[in-house]
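Residues per chain, in single letters:
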Amino acid sequence: VVRRRSLQELQHAWHRLGTEDPMWAVLTDPDKRGNRWDPDEFLATGRAQVDELLAQLAAQGIAVRSGSALDFGCGLGRLTQGLAPHFDEVHGVDISPSMIDGAREADRDGRCEFHLNMADDLALFSSGRFDLVLSLYVIQHVPRRLAAGYLTDMARVLAPGGVLVVQVFVRRAGALGPARQALWNLAVNARQALTRRPAMQMHAWSVVRLTGLLERAGLEVVARQHVAGPWEQVTYTAIKP
Ligand SMILES: C[S@@+](CC[C@H](N)C(=O)[O-])C[C@H]1O[C@@H](n2cnc3c(N)ncnc32)[C@H](O)[C@@H]1O
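None of the values given here were measured: they were computed from a predicted structure.

**Student:** Any chance you could explain the pattern of salt bridges here in plain terms?
**Tutor:** When the charged atoms of two side chains with opposite charge come close together, those side chains can pair. In this structure the tally under the stated criterion is five salt bridges. For Glu41, the salt bridge is made with Lys32, and the minimal N-O distance between the two is 3.6 Å. Judged by relative accessible area, which is 16%, Lys32 ranks as buried. Between Arg65 and Asp131 there is a salt bridge, with the nearest N and O atoms lying 3.0 Å from each other. With Arg65 in the loop between helix H3 (39-59) and strand S1 (68-72) and Asp131 in strand S4 (residues 130-135), the pair connects residues that are 66 residues apart, well separated along the chain. The exposure class assigned to Asp131 is buried, which follows from its relative accessible area of 9%.

Written out as structure tokens, the structure reads:
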């Protein structure tokens, strides 16, 4: 029941965010608030980010086959479109109907396939069908219990030799990390209740816990890239043997 409620809340919030100011909801640059992103500039960020990511993997000696890629939490397809030139087929999956509508509309070449998924898993995809699963700026918004299920399923849908690249928030060491996160979510929930503006919740992991989860799901964690900031980010690279 708890799981279903948090799924519905997530979907409701992201449907609203995707209706009101979708590009800003994806990339929360304060200068772009109020529908001030230029669509071409917005999409160019996705191409640049994917090109850089694939170059980094190659430089680390991690070979990614060019068959099929999945973008989990694809939003408007910013990264899905960036993946398209590099793979035979690319799929984006998202919980938000408005985001998926926007993604389909923005994909002028029709190279990407977008899926609306309101389930707490990736049962819509068969096992072992993707060479790359990418997820940036998504898991940070998903309650950990739900996120754990998706992450385990990302491992399942990867083909042997497939690569997972997933970015998460991690907890600061010490007591302040969890307290800060709890306060943030209290504040966004209260604001949502008062103003009826959708909440963008934040959920952080411990590095040890996420590493353990990915290993139990059958993946080998090969790199962890930290970016410090108000919320510390870690991008995990893991391979399915
Ligand atoms: C900040 S946006 C990032 C979009 C995209 N990854 C990018 O970087 O352009 C977060 C996206 O995650 C989606 N999302 C949130 N919870 C999800 C879930 N449980 N399953 C799939 N997508 C989800 C939201 O609807 C939203 O489109």
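**Student:** Can you walk me through the packing of aromatic side chains in this structure?
**Tutor:** The relation between two aromatic rings is expressed through the spacing of the ring centres and the mutual angle of the planes. The final tally for this structure, using the stated rule, is three aromatic pairs. When the ring of Trp37 is compared with that of Phe42, the centres are 5.7 Å apart and the planes differ by 70°; the resulting orientation is edge-to-face. There is no split in this pair, since Trp37 and Phe42 are both buried. With 5.2 Å between their ring centres and 80° between their planes, Phe125 and Phe130 make a pair best called edge-to-face. For the pair shown, Phe125 and Phe130 are each scored as buried. The cationic tip of Lys32 hangs over the ring face of Trp37; the distance from NZ or CZ to the ring centre is 5.1 Å.

**Student:** I would appreciate a short explanation of the pairing of strand S8 (residues 232-239) in the present structure.
**Tutor:** Side chains on a regular strand alternate between the two faces of the sheet. Burial analysis of S8 places six of its eight residues in the buried class, which makes it a mostly covered element. Taken together, the seven bridges between strand S7 (residues 220-227) and S8 define a ladder with antiparallel strand orientation. Considered in S8, the bridge of His226 is made with Val234.

Cut-offs used in this document
- Residues numbered from 1 in each chain as written.
- Predicted model: local features only at pLDDT ≥ 70, side-chain atom pairs only at ≥ 80, totals over all residues.
- Heavy atoms only, no water.
- Salt bridge = Lys/Arg side-chain N within 4 Å of Asp/Glu carboxyl O.
- Buried < 20%, exposed > 50% of the residue type's maximum accessible area, 1.4 Å probe, protein only.
- Helix = DSSP H or I, 4+ residues; strand = E, 2+ residues; numbered from the N terminus.
- Phe/Tyr/Trp six-rings, centres within 6.5 Å; stacked < 30°, edge-to-face > 60°.
- Lys NZ or Arg CZ within 6 Å of the ring centre and 35° of its normal.
- Pairing = 2+ DSSP bridges.

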